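What follows is the residue order along each chain.
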Amino acid sequence: MGKPYYQMTVQEVLDALKTSENGLTNDEAERRLKEYGPNEITEDAAVSKWMIFLSQFKDLLVIVLIVAGFISLAIGSVRDGAIMFIIVIINALIGFFQEYKANKVLARLKELITSPAKVKRNGELTEIPQSKLVPGDIVYIEAGDKVPADLRIIEAFNLRTNEFSLTGESVSQEKNNKAIMHDCILADRENMAYMGTTVASGSAYGVVVATGMKTEMGKIAGMTQATTTTQSPLQIELGILAKWLTGIVIIISIGLFGVALWQGLGLFMSMVYALGIAVAAVPQALPAQVTVALASTSKRLAEKKAVVKNLPSVETLGSTTVICTDKTGTLTKNEMTVTKLWFDDAEYQVTGIGYEPKGEILDEKGTPISEEKIKELEIMLDAATMASNAEIHPPDDQHSGWYPIGDPTEAALITLSMKAGTRSPKEDEENPEIHEFPFDSERKRMSSVRKFGDRLQLAMKGATDSVLSVAKYIYRDGRILPLTEEDKEKIQKLNETWSKRALRVLAIAFRPLEANGQDYVLEETEKDVVFLGLVGMIDPPKEGVKEAVASCHQAKIRIIVMTGDHAITAQAIGKEIGLSEEGAPPTYTGTQMKKMSDSELTDILMSHKSIIFSRVAPEDKLRIVMLLEAQDEVVAVTGDGVNDAPALKRAAIGVAMGQKGTDVAKEAAELVLLDDSFPTLVEAVKEGRTIYKNLRKTVLASMTTNMAELMVVLLGLAGIAMKNWAIPILAIQILAIDLLAEVLPLTCLTFDPPDENIMKMPPRDRKEHIMNFKNSVEVMFLGGLIGTLAFLNFVMFMKRQGIILTPEMMENPLFARATAITYLTIAYCQFVNILSRRDDEKSLFNKAFFSNKILLGSIVWSITMVFIGIYTPYVSDFLRFEGPQISDWIFILGASGIYLAVYETMKLFRRLRMAKA
Ligand code: ATP
């Protein structure tokens, strides 16, 4: 191979890749796509499937079960050994499918939030999926983008990229298009931008030199794909719980082993029972159930346009106590329409709605203004459009009305000048842009240096206070006059009046420039500007925002609006959406905030239901998040720009905007809102609350059954020790309960729909554990009751039959029938238990009984499976069951009736206690 791309000049690279600055043709790109394959980092799917499957066996408890299986085989108990292996394999398969599915869900969600690549095809800039990029494509990248393939820069405008993900270098790197004449390492190749790195600032055109696995990122993919999966607080809690339980059951099984040995069961048999029971009493399916529940909630959330990037965030979402949201586009539609103008001391109205260039400019009396007046206004309208990069387009297949491309604020100005008829379709050719100082949310203005024949002029627009701060003159009667304090006061007053009507106000200015300027310095250029006038635009609240705000209030979730917009505009919108009962909520500006000490600001943050911070900069957002988190608040914060990334990363839940958000913000966030909408965020919180509640039900129901199984075994232990009774249930039968009767209904319990009160409760305490003292006592009581009822049924069966089943009689058919009764008692009580768990207070027979049809179906399925296990010839032999008779069934169903009655009484007392409180 010849020289590496970074050592070639731009032309050499273009030649080598058989392309030009105009990009490839569509046909050529298609051909290359076939040749080079999609631009994707692929992993070896077969290997990763095996890895997931094998990882199912790494659980200590499973290993114990496998050892137990081998021991059973060794002592000739082929049946027990076989059953243990079958159960291990079935369990592993269930775990594998659930985990595999969860991974797939996550991968699909990640696809949903990858942005398209901006590429030149047939000489025009268009957007295509990143996977369709091919070597030779010319790609445009700008601040906030993730670089979509390996690029050789062909033209750079102040480009800096962040290459931490590739080189570990945390300072952003300046890039240019100059060839490097010597060998150098990746980190020093200043004319290359690599896939997966991000654009910190500036913009550039680059030619794609490598795609997919051929990129530098692709080459190290094997190393980075060993993803570290983070665990949710609940998963961590379950891990600790499992360890505790393991300790407890090991002690019990050693006890059982000793007693069994003493009863003459033989060394190996005693060992097999002890190990099997130890394993059976642990909820080994729970971790997989949590994963399934989180994955299915993530899928549902994505359908509602909220995409989570990792499963644990779903759970954290549910504990959100404060939402810090921006305004424009999140609370409001970000569909701007200019409705007011102020120019040369006169106020005008503009008619029409949306981006359609249809409407009129009316004077103070409401009559359309004359052509001459429009001519006068033109200087301001031109400045406004020349400082705008957006476009408006007529309706097409995908859009039912006129729509903007680019910043809606700027698009509204384009619409305005088209309504007035002052916009030339060839504006950019007639008055080309020489330099641009792009908008940023710190400066709150932007400006563009334009060429007018041989003259140069700066066109500027921005927040009124921001433009006024650099204005020295005002345009009046066709003349440039000094801007007086009186003028400033008047302008600010009008700004305030319009803002009170929820208008977004923008000031327009211009400045004639010397024609010799080469390098434009911001401070030198954006000064002494001539103030032209104001435009006021409406941006109505989004549908559903008012309701979502009310829902947050009910759910005791506080809302902090952090906006770059003017305080009064934000207050007016705040009023419209019901942010506070007392009209507008307390409002502070970014400047006021900067003067406050941390403790003063904390006091404010903690003492209001809703607050507005206006004219904030991204670092103010970070400060607010940090102070709130120091008070143990669980904060969800929204953001879209590169500068928002620190706040998004810092917050418990960083929320990026899918439409207007940059790749950098999306990468830093846990949640991406595809529709940029506040109601969607609140919906996600609701789903988070629901899933936590459902998982709590599953954990408690599962622990209750495990407690029941332990109780039977413990009572059985006492029976062997004191009365020489045979064991009331075999280890393999306990495993069969888990598999046939429990796994599916417990999983389906997590699909319970949200109950009507879910957003009427305050947020849960994140530090609270599911297995706290109260719940542990309840689980012990309820599980103990099921275990006792099952053991009593076993004993009563012996009484009814008038025999004593001793350990020597374990081959007797009556023993098989007795254990079937113990088994069925546990299984049926457990069905009651799962259904009762759905609501802590309401009776099982409430109106929501049929609301979770999958759960009811899973119970019917489990009942069928249990019948097959007990009554089908070969299967029942395998599990050592003998079918109970009608009289036995009376006792089995009687026990579950008693259990139901006790549970219902418990709920009744709870309801009475709540009614009193
Ligand atoms: P939020 O932070 O709630 O999304 P926002 O969009 O108004 O609100 P910024 O984008 O930071 O916040 O804008 C701050 C101010 O800058 C606006 O109030 C407006 O006056 C001005 N502004 C917004 N967009 C532009 C633009 N494209 N060009 C010039 N000035 C702008």
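Predicted model, so just to flag it, every value in this text is computed and none were measured.

## Considering the site of the ligand
Inspection of the region around the ligand gives 20 residues, with K327, D407, K461, R504 and D565 positioned closest. Within the backbone of K327, one N or O atom sits 2.5 Å away from an oxygen atom of the ligand. Take T328: an N or O atom from its main chain is 3.0 Å from an oxygen atom of the ligand. Secondary-structure elements contributing two or more residues to the shell around the ligand are strand 17 (455-463) and strand 20 (504-513).

## Description of unusual backbone geometry
Non-glycine residue K556 carries a positive phi angle of around 55°. Relative to the helices and strands, K556 resides in the loop between helix 19 (545-554) and strand 22 (558-562). The backbone of N724 sits at a positive phi, close to 60°, despite the residue not being glycine. Inspection of the secondary structure assignment puts N724 in the loop between helix 26 (678-723) and helix 27 (731-749).

## Observations regarding the pattern of salt bridges
With the rule as written, the count across this model stands at 45 salt bridges. Where E35 meets R31, a salt bridge forms, and the shortest distance between an N and an O atom there is 3.2 Å. With a gap of 4 residues between them, E35 and R31 both fall in helix 2 (residues 26-36), about one helical turn apart. With a relative accessible area of 48%, E35 lands in the partly exposed category. A relative accessible area of 43% means that R31 is categorised as partly exposed. R445 is paired through a salt bridge with E526; the nearest N and O atoms lie 2.8 Å apart. Of this pair, R445 sits in strand 16 (residues 445-452) while E526 sits in the loop between helix 18 (522-525) and strand 21 (529-538), and the two are 81 residues apart along the sequence. Summarising the burial analysis for this pair, R445 and E526 share the class buried. In this structure, a network of salt bridges that share partners links the residues R696, E778, R837, D840 and R910.

## Description of the pairing of strand 26 (residues 653-657)
With 5 of its 5 residues buried, strand 26 lies for the most part within the structure. Here strand 26 shows two buried faces, one formed by I653, V655 and M657 and the other by G654 and A656. Taken together, the 4 bridges between strand 25 (residues 635-639) and strand 26 define a ladder with parallel strand orientation. By the bridge assignment for strand 26, V637 is matched with G654. Where strand 26 lies against strand 27 (residues 671-673), 3 bridges are found, and the strand directions are parallel. Looking at the pairing, A656 lines up with V672 of strand 27. As a crossover connection, the stretch from strand 26 through helix 25 (residues 663-668) into strand 27 is right-handed.

## Concerning the environment of G421
Mapping G421 onto the fold places it in the loop between helix 14 (408-420) and helix 15 (427-430). Separated by 122 residues in sequence, G421 and E543 have C-alpha atoms that sit 32 Å apart.

## Focus: helix 30 (residues 853-871)
Along its 19 residues, helix 30 runs 27 Å from first to last C-alpha, staying within 8% of the 27 Å computed at 1.5 Å per residue. What helix 30 keeps buried is the set L855, L856, S858, I859, S862, V866, G869 and I870. One face of helix 30 carries all of its buried residues, which in axial projection span an arc of 155°. Opposite its buried face, helix 30 presents the exposed residues K853, I854 and V860, each directed more than 90 degrees away. Buried residues in helix 30 make contact with helix 27, helix 29 (813-836) and helix 31 (873-878).

## Re helix 9 (residues 233-262)
Taking 1.5 Å as the rise per residue, helix 9 with 30 residues should run 44 Å; its terminal C-alpha atoms sit 44 Å apart, in good agreement. One or two residues past the end of helix 9 sits G264, with phi positive at roughly 80°.

## Regarding a nonpolar patch on the surface
Residues I236, I240, W244 and I248 make up a contiguous nonpolar surface patch of about 430 Å² in total accessible area. Among the secondary structure elements, W244 is positioned in helix 9. Residue W244 is classed as exposed on the basis of its relative accessible area of 62%.

## Considerations on the packing of aromatic side chains
With the rule as written, the count across this model stands at 19 aromatic pairs. When the ring of F96 is compared with that of Y100, the centres are 5.7 Å apart and the planes differ by 15°; the resulting orientation is stacked. Taken together, the residues F96 and Y100, both in helix 5 (residues 78-112) and 4 residues apart, mark about one turn of the helix. Between Y140 and Y205, the ring centres sit 5.0 Å apart and the planes meet at 50°, which makes this aromatic pair tilted. Of this pair, Y140 sits in strand 3 (residues 138-142) while Y205 sits in strand 7 (residues 198-210), placing them 65 residues apart in sequence. Accessibility assignment for this pair places Y140 and Y205 in one class, buried. Each residue in the set W50, F53, F96, F97 and Y100 is aromatic and connected to the rest through ring pairs, giving one cluster. If you follow K120 out to its NZ or CZ, it ends over the ring of Y205, 5.0 Å from the centre. Taking the ring centre of Y692 as reference, the NZ or CZ of R764 above it sits at 3.4 Å.

## Observations regarding the pairing of strand 9 (residues 322-325)
Residues V322 and C324 point to one face of strand 9 and I323 and T325 to the other, with burial holding for every one of them. Note: strand 9 against strand 22, 4 bridges, orientation parallel. Paired with V322 across the strands is R558, a residue of strand 22. Inspection of the sheet shows strand 9 paired to strand 25 by 3 bridges, in the parallel sense. By the bridge assignment, I323 is partnered in strand 25 with A636.

## Section: the domain arrangement of the protein
Per the domain assignment, the segments making up the protein are domain 1 (305-332 + 543-682) and domain 2 (337-538). One C-alpha centre belongs to domain 1, the other to domain 2, and the line joining them spans 30 Å. The interface of domain 1 with domain 2 comprises 15 residues on the first partner and 14 residues on the second. Counting the surface lost from both domain 1 and domain 2, the interface buries some 1,100 Å², and carbon and sulfur atoms represent 52% of this. Among the residues domain 1 hides against domain 2, the three largest losses belong to I568, T569 and R615. Together they make up 44% of the total. Taken together, the connections running from domain 1 to domain 2 amount to 2 salt bridges. Our count for the domain 1 to domain 2 interface comes out at 6 residue pairs in polar contact (both at pLDDT 80 or more). Ranked by residue count, the leading element in the side of domain 1 that touches domain 2 is helix 20 (residues 567-576), at 5 residues.

## With respect to the sheet that holds strand 26
Strand pairing within a sheet occurs via backbone hydrogen bonds; the two strands may be parallel or antiparallel. On the basis of which strands lie adjacent, the open sheet formed by 8 strands has the order 8-27-26-25-9-22-24-23 and mixed pairing. A single partner strand is all that each edge strand has here, and the edge strands are strand 8 (306-308) and strand 23 (587-589). Across the sheet, the mean angle separating the axes of adjacent strands is 20° when strand polarity is ignored. Relative to strand 24 (residues 610-614), strand 23 runs parallel, the two sharing 3 bridges. Residue pairing in the sheet places Y588 in a bridge with F613 of strand 24. Packed on one face of the sheet, helix 23 (residues 618-630) meets strand 9, strand 22, strand 24 and strand 25 and runs near 170° to strand 25.

Calculation notes
- Residues numbered from 1 in each chain as written.
- Predicted model: local features only at pLDDT ≥ 70, side-chain atom pairs only at ≥ 80, totals over all residues.
- Heavy atoms only, no water.
- Near = heavy atom within 4 Å.
- Polar contact = N/O pair within 3.5 Å; in protein donor to acceptor, adjacent residues only side chain to side chain.
- Helix = DSSP H or I, 4+ residues; strand = E, 2+ residues; numbered from the N terminus.
- Salt bridge = Lys/Arg side-chain N within 4 Å of Asp/Glu carboxyl O.
- Buried < 20%, exposed > 50% of the residue type's maximum accessible area, 1.4 Å probe, protein only.
- Pairing = 2+ DSSP bridges.
- Right-handed = clockwise from strand over helix to strand, strands pointing away.
- Expected span 1.5 Å × (residues − 1).
- Arc of directions from axis to C-beta.
- Contact = heavy atoms within 4.5 Å.
- Patch = residues over 30% accessible without salt bridge, like charges linked within 9 Å, V, L, I, M, F, W, Y side chains within 5 Å.
- Areas by Shrake-Rupley, 256 points an atom, 1.4 Å probe, with all protein chains shown as cover.
- Phe/Tyr/Trp six-rings, centres within 6.5 Å; stacked < 30°, edge-to-face > 60°.
- Lys NZ or Arg CZ within 6 Å of the ring centre and 35° of its normal.
- Domains from an automatic or database assignment.
- Buried area = accessible area lost by both parts, 1.4 Å probe.
- Axes fitted to C-alpha atoms, helices over the stretch in contact; angles between N-to-C directions.

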